[in-house]
Amino acid sequence: TGLKRLVFVEMEEYPGFNLSPSPLPQQISPLFVLNGVTEALNIRQSKPGLLKDWSSLFSSRESQDIFLDLFWWFFLQRFQKPPPDVQMYLFERERSANSTSLFKRVANNYTLLLNTSFRYKTREKLLLLYPDAAAQAVYSAFCHAFPVSYNRYNNDFKIFLTETISLWMNGTKPMLRQFEYWNYVMLEPPNIRKDAVDREKREKRKKKAKEKPLLAVLNSLSSPNVHQSTSHQTNATAPASPRGAKVPTEVSHSSIMSSRTALNNYRRPSFTHRTYHMIEPCTA
C-alpha cells in the first residue's frame, strides 16, 4: 500500500475540492480498503447469497467516490489543523465550504448508487449493510494511512463516524456501540495495537526521565540538612557594615530574646535621692 508509518494524521493537509474526489493519503488504493471491509463483514460465510451482489455494489465507481469524499469530510471535521500563517476565521470559512461541497457530492453519488441498486434482487439487504460498511471503510483507511495516530481513533471518533453516516444514509442512528462488533483484525494493519502500546510506554519513560531532575531538586530543597545550614547562616553574627550600607533584616529568634531580656533588666537612673546645694548670695 506504500504507507509511511511515521506520518501523523495532524501533519496531513486536505488537498482541496476538485471535480473528482481526492485520492487517499500514502497512495492507498480505495479498492484495497473496500475489499478488506468485505472480508471483515464475513459475507462469504454468513451470507453467501449476497456476496456477488455486494461485491458489485460496494466496489462500484459511485461507492468508491462516496468512500473517498467521506474520508476527507471526517478528516476536515476532526484532524485538519489551521496553517500558522492563516487567520482562524479564514480557515473556518474555507473548511466549512469544503465540507459542504463534499457532503453535496456524497449525496449525489449515493442517489446514483440507489438508482443502480434496483437491478439487484437483494437490494434492501444490501442497503441495510452499506452505512456500517462505509463507516468501517473510513476507519480502516485512517488506520492504514496514519497508524502512528492510532490512539486518535478512539470510541468517540467511532461513535461520531457511525452515527453521522447512518443518519445521512438511513435517517436513523445505528445500534448502540455497533463498532464493538467490527472485525478489527481485518480492518487494521498488523501489529498496529502493539505498536501503539509500545509507543505509549516509550512516551511514559521519556516523561519520567524528564521529571527525575526536577524531583531531585525538590528533594534536595526539602531535606533537613538544607534547613540546618540555613539556620546556622541566620544565627551567625553579621559583620559591621559601613555607614550607608544596607543592614540585613534577617534576625534569629535567640538574638531577639536576648535583646528583650536586656531591655527588661535595664534600670533607669533615679533622681529622687539627688541632693542640691543652695548657693548663698553674696552680701556687701
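Now for a quick tour of the structure. (Residues numbered from 1 in each chain as written. Predicted model: local features only at pLDDT ≥ 70, side-chain atom pairs only at ≥ 80, totals over all residues. Heavy atoms only, no water.)

1. Quick word on the pattern of salt bridges
- Throughout the structure, instances matching the rule amount to seven salt bridges.
- Where E10 meets R152, a salt bridge forms, and the shortest distance between an N and an O atom there is 1.8 Å. Taken as a pair, E10 in the segment before helix 1 (30-41) and R152 in the loop between helix 6 (123-145) and helix 7 (155-169) lie far apart in primary sequence, 142 residues in all.
- The partner of E180 in a salt bridge is R177, and the shortest N-O contact between them spans 2.5 Å. (Salt bridge = Lys/Arg side-chain N within 4 Å of Asp/Glu carboxyl O. Helix = DSSP H or I, 4+ residues; strand = E, 2+ residues; numbered from the N terminus.)

2. Quick word on the environment of Y130
- Structurally, the position occupied by Y130 is in helix 6.
- When its relative accessible area of 1% is taken as the criterion, Y130 is described as buried.
- With 76 residues separating them along the chain, Y130 and W54 place their C-alpha atoms 9.1 Å apart.
- Excluding residues that lie within four positions of it along the chain, Y130 makes contacts with W54, F58, S63, I66, Y110, L113 and M169. (Buried < 20%, exposed > 50% of the residue type's maximum accessible area, 1.4 Å probe, protein only. Contact = heavy atoms within 4.5 Å.)

3. A short note on the environment of W73
- Mapped onto the elements of the fold, W73 is located in helix 4 (residues 61-78).
- On the basis of relative accessibility, which here comes to 11%, the residue W73 falls in the buried class.
- Between the C-alpha atom of W73 and that of S101, which follows or precedes it by 28 residues, the distance is 9.4 Å.
- Ignoring sequence-local partners within four residues, the contact set of W73 consists of S99, L102, F103, F160, T164 and W168.

4. Some remarks on the packing of helix 1 against helix 4
- Closest axis-to-axis distance for the helix 1/helix 4 pair is 10 Å, and the angle between their directions is 100°. Comparing the axis directions of helix 1 and helix 4 gives the class roughly perpendicular. On helix 4, the residues that touch P30, L31, V33 and L34 of helix 1 are Q64, F67 and L68.
- The residue inventory of the contact of helix 1 with helix 4, partitioned by class, reads six nonpolar, one polar and no charged. (Axes fitted to C-alpha atoms, helices over the stretch in contact; angles between N-to-C directions. Parallel < 35°, antiparallel > 145°, perpendicular 65-115°, else oblique. Nonpolar A, V, L, I, M, F, W, Y, C, P; charged D, E, K, R; others polar.)

5. Considerations on the packing of aromatic side chains
- Enumeration over the complete set of coordinates arrives at 23 aromatic pairs.
- An aromatic cluster is built from Y14, F71, W72, F75, F79, Y139, F142, Y153, F157, W182 and Y184, whose rings are joined through pairwise contacts.
- A cation over a ring is seen here: R123 above F118, with NZ or CZ 4.0 Å from the ring centre.
- The positively charged end of R193 is found above the aromatic ring belonging to Y184, 4.9 Å away from the centroid. (Phe/Tyr/Trp six-rings, centres within 6.5 Å; stacked < 30°, edge-to-face > 60°. Lys NZ or Arg CZ within 6 Å of the ring centre and 35° of its normal.)

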